[in-house]
Amino acid sequence: MENLVETTGLCRSFTGRGTLLRGAETTRAVDNVSLTIPKGQTLGLVGESGCGKSTLGRMVVGLLPPDSGDVLVMGKPLWNAAAHDNYRAFRQEMTRHIQMVFQDPYSSLTPRMTVLESVQEPLTCAPAPLPKAQRREGALAMLERVGIEPEQAKRFPHQFSGGQRQRIAIARALVSRPAFVVCDEPTSSLDASVQAQILNLLLDLQDELGLTYLFISHDLAVVRHMSDQVAVMQRGKVVEQAPANTLFTAPQTEYTRLLLHSIMELGK
Amino acid sequence: MQRILYWLKGRELLLLGGFLVGTVTIAALLAPWLAPYDPLAQNLDAMYNAPSFLHWLGTDGYGRDVLSRMLYGARVSLWVGFVSVGISASIGATLGLCAGYFRGLVDECIMRFVDIMLCFPSFFLILAVIAFLDANLLNIMVIIGLTSWMGVARLVRAEAMSLREREFISAARLAGASTMRILFRHILPNALGPVMVSATLGIAGAILTESSLSFLGIGVQHPLPSWGNILLEGKESLEFAWWLSFFPGFAILLTVLGYYLLGENLREFLDPRTQR
């Protein structure tokens, strides 16, 4: 199967601010990560908090430049400016194909923009924007698809619940019909009952629009529900990537076994 | 009725400020219709008349009606307040936005410039500049504006620094929004609350500065009336014509108080999330 997205040896470290006596410490947040995501599938990315999942996600969508390595999207290097004739135009074009659903729906929508404006933004900022009426129509249709009525579209984010906001954020991510969406813990700040609705919405939309997901979560049950393939991260490194069923039934590494064991304990 | 009372509860000061500011603004706007006399018409038969039914706030040394002069003076004071704050808020907001969003060298340069500007006692800077330039209304407004933007810049910078880390900025970048769009559509509107507050307070400051300049005789020039220069003329005759200094002084006090009350109580009102 063809790979839509591929990362090749991604590395990224952060340097904390040093003090007078102690030099600055460098943390390797992501260390030589190579992953492949087949077209139309979901790659689940699990690991404990602080293991570099989100950092990896931000590099894959193009928000955070890696120290080394690159992300190949449809075979084109996202971070290698020298490989493109017009890098700016390329990146602008890529915003249409790669989108992200963020963890916290309370901070991922601009407070002083109406929901309709927020959802329209990817269309408004596109390299060759559609006429205004069509952008509006597209945004309203997408909002309706995720379960937000057109009458509610003129409201501001603070007038919605967390689950509704996450629906709006999903509408914004999908309005430009991207091929690839990174979901960074999209349900971890929501109530359990709402979580399932959002997850099923994401699955339905994947079928309808043929989306490819990178699904980041620390919740193994959620990842199992969502993913075709699962990669396990530990301290910046991917320790195991396998089809979901294989990984959950026959984990190959000690760390994965430990993770699986920890939810079994909770389940008892 | 119940609902009106509920709404008013705890907002008396905002309302008082709004009332004072509103009254002065309406008086200034309607000056030509409200003023009983021509503010520049001299009447040497009626010099230093005490307040009476004929001249509500008395007359000055040339027999000009003080009430009429004060109504026209309100126009000058408010105009100076609005224009100079408009200038300072635009400069401050733009520089603060750039400093807080771009950080690094840009931030360092802008903030050091702010520090330099803050080191000068601004009133003496204004005095020095006025000494070289014409003391006309336009120059005064521009100079007050150019010397009072630092507070706004600091405020907006602080807001921008916290807003740029929020996820909606990442989302906007992913949507392909240009830097300009992020600055002015995503960050500025969210930083505007504190700016409005400080602008309102800034109007009070600008009115005071203009009055002080006019009082020193280097602000708005005779015979154009402003509260400051009516006060200046009243100084000469304080022993026998108290109304010449009292009323303009009181008007400055009430207007500045009005803007302060409005500014201090505006913050809560402007934030959409705190609306009841």
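As shown above, the structure is provided for reference.
I will try to describe carefully the structure that is included in this document. (Residues numbered from 1 in each chain as written. Chains lettered and ligands numbered in written order. Predicted model: local features only at pLDDT ≥ 70, side-chain atom pairs only at ≥ 80, totals over all residues.)

1. Some remarks on the overall build of chain A
Helix and strand counts for chain A come out as nine helices and ten strands. Relative to its length of 268 residues, chain A is compact, with a C-alpha radius of gyration of 19 Å against a globular reference of 18 Å. With the C-alpha coordinates of chain A rotated into their principal frame, the extents come out at 55 × 50 × 50 Å. Per-residue burial for chain A yields a buried fraction of 42% across its 268 residues. Taking contacts inside chain A between residues at least 6 apart in sequence as the whole, the part at least 24 apart equals 68%. (Helix = DSSP H or I, 4+ residues; strand = E, 2+ residues; numbered from the N terminus. Rg over C-alpha atoms; globule rule 2.2 N^0.38 Å. Buried ≥ 20, exposed ≤ 12 C-beta atoms within 10 Å, placed from the backbone. Contact = placed C-beta atoms within 7 Å.)

2. Comments concerning the overall build of chain B
A tally of helices and strands in chain B yields twelve helices and zero strands. For chain B, the succession of helices and strands along the chain, N to C, is α-α-α-α-α-α-α-α-α-α-α-α. Seen along its three principal axes, the alpha-carbon backbone of chain B occupies a region of about 75 × 60 × 30 Å. Relative to all contacts within chain B whose residues are 6 or more apart in sequence, the contacts with residues 24 or more apart total 70%.

3. Considering the interface of chain A and chain B
Residue-level contacts link 21 residues of chain A with 17 residues of chain B. When residues of the side of chain A that touches chain B are traced back to their parent elements, those giving at least two are α2 (87–97), β6 (98–101) and α3 (115–124) of chain A. For the side of chain A that touches chain B, the residue count by class is ten nonpolar, seven polar and four charged. (Nonpolar A, V, L, I, M, F, W, Y, C, P; charged D, E, K, R; others polar.)

4. Structural notes on the sheet that holds strand β8 (residues 212–216) of chain A
Residue and element names in this part refer to chain A. The six strands lie next to each other as β6-β7-β8-β3-β9-β10, forming an open sheet whose pairing is mixed. Of all strands in the sheet, those bounded by a partner on one side alone are β6 and β10 (237–243). Strand-to-strand twist in this sheet, taken as the mean axis angle between neighbours without regard to direction, amounts to 20°. Pairing of strand β9 (residues 229–234) with β10, which is carried by six bridges, proceeds in the antiparallel orientation. Residue pairing for β10: Val230 is matched across the bridge by Ala242. (Pairing = 2+ DSSP bridges. Axes fitted to C-alpha atoms, helices over the stretch in contact; angles between N-to-C directions.)

5. Examining unusual backbone geometry
Residues and elements named next belong to chain A. Phi is positive for Met74, which is not a glycine, with a value near 50°. Structurally, the position occupied by Met74 is in the loop between β4 (68–73) and β5 (76–77). The backbone of Arg235 shows a phi angle near 45°, a positive value even though the residue is not glycine. Its location among the elements puts Arg235 in the loop between β9 and β10. On the neighbour-count criterion, Arg235 (16 C-beta atoms within 10 Å) is partly exposed.

6. Quick notes on the packing of helix α4 (residues 66–102) of chain B against helix α8 (residues 150–163) of chain B
Residues and elements named next belong to chain B. Where α4 meets α8, the closest approach of the two axes is 7 Å, and the angle between their N-to-C directions is 35°. Note on packing geometry: the crossing formed by α4 with α8 is right-handed. Contacts between α4 and α8 involve Ser88, Ala89, Gly92, Ala93, Leu95, Gly96, Leu97, Ala99, Gly100 and Tyr101 from the first element and Met150, Gly151, Val152, Ala153, Arg154, Leu155, Val156, Arg157, Ala158, Glu159, Ala160 and Met161 from the second. Split into classes, the residues belonging to the contact of α4 with α8 amount to 14 nonpolar, five polar and three charged. (Left-handed = near helix turned anticlockwise from the far one by under 90°.)

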